[in-house]
Amino acid sequence: KGAGSLVCDGRRAYVCLAGNPGMATGGMGDVLTGIIAALIAQGVELSAAARLGVQLHSQAADLVAAEEGMIGLLASDVIGKVRQLLNFSA
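In this report, the structure presented in the accompanying data block is examined. (Residues numbered from 1 in each chain as written. Predicted model: local features only at pLDDT ≥ 70, side-chain atom pairs only at ≥ 80, totals over all residues. Heavy atoms only, no water.)

1. Considerations on the overall build of the protein chain
What the protein chain contains, in helices and strands, is three helices and two strands. Reading the helices (α) and strands (β) of the protein chain from amino to carboxyl end gives β-β-α-α-α. Whereas a compact globule of 90 residues would reach a radius of gyration of roughly 12 Å, the protein chain reaches 12 Å, a difference of no more than 12%. Considering only C-alpha atoms, the protein chain reaches an extent of 35 × 25 × 20 Å along its principal axes. Across the 90 residues in the protein chain, those meeting the buried criterion constitute 36%. (Helix = DSSP H or I, 4+ residues; strand = E, 2+ residues; numbered from the N terminus. Rg over C-alpha atoms; globule rule 2.2 N^0.38 Å. Buried < 20%, exposed > 50% of the residue type's maximum accessible area, 1.4 Å probe, protein only.)

2. Observations regarding the packing of aromatic side chains
Here the structure, examined in full by the defined rule, presents zero aromatic pairs. Positioned over the ring face of Tyr 14 is Arg 51, at 4.6 Å from the centre of the ring. (Phe/Tyr/Trp six-rings, centres within 6.5 Å; stacked < 30°, edge-to-face > 60°. Lys NZ or Arg CZ within 6 Å of the ring centre and 35° of its normal.)

3. A few points about helix α2 (residues 46-68)
Between the first and last C-alpha of α2 there are 32 Å, a value that for 23 residues agrees with the 33 Å anticipated at 1.5 Å per step. Every buried residue of α2 is accounted for by Ser 47, Ala 49, Ala 50, Gly 53, Val 54, Leu 56, His 57, Ser 58, Ala 60, Ala 61, Val 64 and Ala 65. In this structure Glu 45 caps α2, since a side-chain oxygen of it lies 3.0 Å from the backbone nitrogen of Ser 47. (Expected span 1.5 Å × (residues − 1). Polar contact = N/O pair within 3.5 Å; in protein donor to acceptor, adjacent residues only side chain to side chain.)

4. Section: the pattern of salt bridges
Scanning all chains against the criterion turns up two salt bridges. Where Asp 9 meets Arg 11, a salt bridge forms, and the shortest distance between an N and an O atom there is 4.0 Å. Of the charged contacts in the structure, one is a salt bridge between Lys 81 and Glu 67, with a shortest N-O distance of 2.9 Å. Of the two residues, Lys 81 sits in helix α3 (residues 75-89) while Glu 67 sits in helix α2, which places them 14 residues apart along the sequence. (Salt bridge = Lys/Arg side-chain N within 4 Å of Asp/Glu carboxyl O.)

Now the structure itself:
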């Protein structure tokens, strides 16, 4: 939860440099799990879903922190920003 998250597929390790200390709150891991599960349900390969999910989750939290600050960051604050990021890239 925060910058420096590692994702390993058994052969390679990937580092996500996005994220912030405000992510160390209850429910943040549940949101990450939901993002990854949704990607898998849409047919994204497991390793790619994990990497993309971690990146989206972290970048979304960074957007919230930039707008509102890290203190008091809630897991539910991140969800709308994930949607914003996905729609922006479409």
